[in-house]
Amino acid sequence: MKMQTFVQPVQVTVPRKIFRAYDIRGNVTLLTAELVRQIALALASHYILANQKQVVLGFDARLDSERYSQMIAEVLQHAGLEVISIGCVSSPLLYFAALKYAGNGVMVTASHNPSTDNGIKWLINGLPPTPSEIQGIADRIEQQDFVTLQPVAVAAKVYSAFWDYGQFIQHDIQLKAAHRISLDGFHGSAGWIAKAVLQQFGCQVDALHCEANGHFPLGAPDPSAVERLAILRQSVLAQGSVMGIALDGDGDRVVILDEQGNMVSPDRLMSLFAKMCLIEHPQAEIVCDVKCSTMIAQTVQRYAGRFRMIRTGSSFLRHYLCLHRAHFGGEFAGHYVFNDGRGKGFDDGLYAALRLLEYLERTGQSLTQALAEFPERIATPDMYIASHGIDGQMLMQCLEQQIDLDNIQLCTVDGIRLDFPYGFGIIRPSNTGEYFTVRFDADTAQHLAHIRQTFMHILQPNFPQIAQAIATAH
């Protein structure tokens, strides 16, 4: 493969804070058109150096996404790569389409962020980039170190990926009844896809906000806050739906409501998903991130599986599942990945919801009944504590030295996590800002208060500001 460099060097400011741990994402005042062009040049170099020739390209509903996608297509083609364009789609549909082209894809999306943001995520050989590879894109731009081939003379190929995706899901998921489903797409790029797939199964869908609208009139397309689910809850109750499905802006995350309109916590949902996999695959490995409840590990143990906890981040989850062949992995943020010989090994909110619906139909249970063995936990959301200039690694090392491990299990995979017989607490430095993320989980309010007090007691001597912030955070 003959490579050349013919790009004229330019001076461009690289705002490092938008080159995050898992993707590139930030305000459009930082992710400018010129920076998008430079990112595309750097991505082209990575694909070429990995001996790849084809790249699938998609974009979400945001106002700038189609324009940015067209720019990226032009740059990739001029660098010598064949571009397969699939239009305004969900990230899972992009991942699916990329599998037909050596696992290479670029998605213009800022996921669940506000309309003022945009971003880029990508796959090479079927896997998302590591944090160091994302920083490598920024390095390449700063150094103006780009590799190209002879430009491709033909226009981007257009691929209608939805038909193949729908056919795959219909072969994978076995449903017999015409279920009532309430669906909220939050005006992202995944709503129309989910509606169409559900209707293919004969479901009666009450589709809310499933038209792509980059203005996001309801606010940021993030369903993780319970107050954002009021309209969906009303639909579930009014329609008598089996469940409510809420997808984030690009469809890789999902929030589920039960038939009574109650939001199902990620911990309970992952426990049920783990049970579903282990019934079919005894001794299989189940993976979750460090922010997940102790209940998941207990569930895996009860159903004779193997449990592994890994650091937070969907890219870490995908890499682990690929390398270790774990059967299921999930994140507290709402990413669920089935890798059990079904599914395709990537996070797809719609697919996870369909696996759940299939299980309910097969067992004849309501969602409330299926979740009964996984009681709701007393837990805080992710709480964000200002760092006050304290170095994260220094705080982690100091904490580790002061912890009395009597009846407490220490995990340092990502920050400091302490597991008690009845719950856990975690504090970890942010990957993207000057703050710490803190979360507590327990079986009772009294145990939750005890875990919080334990963290405050350990932190108070050396980090009183952090201890005080934990005391008042909610």
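Summary of the structure given here. (Residues numbered from 1 in each chain as written. Predicted model: local features only at pLDDT ≥ 70, side-chain atom pairs only at ≥ 80, totals over all residues. Heavy atoms only, no water.)

**Some words on the overall build of the chain**
A count of helical and extended segments in the chain gives 15 helices and 20 strands. Relative to its length of 474 residues, the chain is compact, with a C-alpha radius of gyration of 23 Å against a globular reference of 23 Å. Each principal axis of the C-alpha distribution contributes one length, and for the chain these read about 65 × 60 × 45 Å. Split into buried and exposed, the 474 residues of the chain put 58% on the buried side. (Helix = DSSP H or I, 4+ residues; strand = E, 2+ residues; numbered from the N terminus. Rg over C-alpha atoms; globule rule 2.2 N^0.38 Å. Buried < 20%, exposed > 50% of the residue type's maximum accessible area, 1.4 Å probe, protein only.)

**Regarding the sheet that holds strand 7 (residues 180–184)**
If you walk across this open sheet you meet the four strands as 8-7-9-10, and the pairing is mixed. Edge strands, defined here as strands with exactly one partner in the open sheet, are strand 8 (204–208) and strand 10 (254–257). Direction aside, neighbouring strands of the sheet carry axes that sit 20 degrees apart on average. The pairing of strand 7 with strand 9 (residues 243–247) spans four bridges and is classified as parallel. Bridge pairing in strand 9 links Ile-181 to Met-243. Each of strand 7, strand 8, strand 9 and strand 10 is contacted by helix 7 (residues 230–239), which is oriented at about 165 degrees to strand 7, the strand it contacts most. Across the sheet, helix 11 (residues 349–363) touches strand 7, strand 9 and strand 10, and the angle it forms with strand 9 is around 170 degrees. (Pairing = 2+ DSSP bridges. Axes fitted to C-alpha atoms, helices over the stretch in contact; angles between N-to-C directions. Contact = heavy atoms within 4.5 Å.)

**Things to note about the packing of aromatic side chains**
Two numbers describe a pair of aromatic rings. These are the distance of the centres and the angle of the planes. Per the counting criterion, the structure on display carries 15 aromatic pairs. Geometrically, the ring pair formed by Phe-328 and Phe-338 is tilted, given 5.0 Å between the ring centres and 55 degrees between the ring planes. Remark: Phe-338 occurs in strand 14 (residues 336–338) and Phe-328 occurs in strand 13 (residues 328–330); sequence separation between them is 10 residues. Residues Phe-328 and Phe-338 agree in their burial class; the two are buried. Ring geometry for Phe-440 versus Phe-455: centroids 5.4 Å apart, planes at 70 degrees, classification edge-to-face. Here Phe-455 lies in helix 14 (residues 445–459) and Phe-440 lies in strand 20 (residues 435–442), a separation of 15 residues in the sequence. (Phe/Tyr/Trp six-rings, centres within 6.5 Å; stacked < 30°, edge-to-face > 60°.)

**Description of the nonpolar core**
When a protein is soluble and globular, its nonpolar side chains tend to lie buried together. In terms of nonpolar packing, the biggest core is built from 70 residues, with Ile-169, Leu-198, Ile-245, Ile-256, Leu-272, Phe-273 and Leu-354 touching the most fellow members. Sort the elements by how many residues they give to this core and helix 11 lands first, with nine residues. Here Phe-273 is in contact with Phe-328, Tyr-336, Phe-338, Ala-352 and Leu-356, once residues within four sequence places are set aside. Ile-18, Met-71, Leu-81 and Leu-149 belong to the second-largest nonpolar core, a separate cluster that totals 39 residues. (Core = buried A, V, L, I, M, F, W, Y, C linked by side-chain atoms within 4.5 Å.)

**Some thoughts on the sheet that holds strand 12 (residues 306–310)**
One open sheet holds the four strands; their spatial order is 12-11-13-14, and the pairing between them is mixed. Of all the strands in the sheet, the pair left with one neighbour each is strand 12 and strand 14. Each neighbouring strand pair of the sheet contributes to a mean axis angle of 15 degrees, computed without reference to strand direction. Summarising the sheet, strand 13 and strand 14 pair through three bridges and their orientation is antiparallel. In the sheet register, Gly-330 faces strand 14, and the bridge partner there is Tyr-336. Relative to the sheet, helix 9 (residues 294–302) contacts strand 11 (285–289) and strand 12, its axis offset from that of strand 12 by approximately 155 degrees.

**What about the layout of surface pockets?**
Roughly 340 Å³ of internal volume is contained in the second largest pocket. Taken together, 20 residues make up the lining of the second largest pocket; nearest its centre are Gly-392, Gln-393, Met-396, Pro-429 and Phe-436. Mapped by element, the contributors of at least two residues to the lining of the second largest pocket are helix 13 (392–402) and strand 20. Examining the composition of the lining of the second largest pocket, we find that five residues originate from one element, helix 13, more than from any other. Split into classes, the residues belonging to the lining of the second largest pocket amount to six nonpolar, nine polar and five charged. (1 Å grid on protein atoms, 1.4 Å probe; cavity = no way out; pocket = protein on both sides within 12 Å on 5 of 7 lines; lining within 4 Å. Points joined across faces, edges and corners; volume = space filled by probe spheres on them. Nonpolar A, V, L, I, M, F, W, Y, C, P; charged D, E, K, R; others polar.)

**Section: empty space enclosed by the protein**
This structure, assessed with the given rule, holds two cavities of 30 Å³ or more. By volume, the largest cavity is sized at about 70 Å³. Around the largest cavity, the lining residues are Tyr-165, Phe-168, Tyr-336, Val-337, Phe-338, Gly-343, Lys-344, Gly-345, Phe-346, Asp-348 and Tyr-351. Sorting the residues of the lining of the largest cavity by element identifies helix 5 (161–172) and strand 14 as the ones contributing at least two each. The dominant element in the lining of the largest cavity, judged by the number of residues it contributes, is strand 14, at three residues. Across the lining of the largest cavity, the residue classes break down as seven nonpolar, two polar and two charged. Every residue lining the second largest cavity is listed: Ser-90, Pro-92, Tyr-165, Ala-190, Ile-193, Ala-194, Leu-247, Gly-251, Asp-348 and Leu-350.

**A look at the side chain of Asp-348**
For Asp-348, the position within the fold is in the loop between strand 14 and helix 11. No salt bridge is formed by the buried Asp-348; its nearest oppositely charged neighbour, Arg-318, is found at 10 Å. Every residue in contact with Asp-348, bar those within four places of it in the chain, is listed here: Pro-92, Tyr-165, Gly-251, Asp-252 and Tyr-336. (Lys, Arg positive; Asp, Glu negative; His and termini not counted. Salt bridge = Lys/Arg side-chain N within 4 Å of Asp/Glu carboxyl O.)

**Some words on the pattern of salt bridges**
In the structure shown here, the tally under the stated rule is 25 salt bridges. As a salt-bridge pair, Glu-373 and Arg-302 come within 3.4 Å of each other at their nearest N and O atoms. Of the two residues, Glu-373 is situated in the loop between helix 12 (367–370) and strand 15 (378–379) and Arg-302 in helix 9; the sequence distance between them amounts to 71 residues. Using a relative accessible area of 31% as the deciding quantity, one classes Glu-373 as partly exposed. Accessibility expressed as a relative area gives 47% for Arg-302, which makes it partly exposed.

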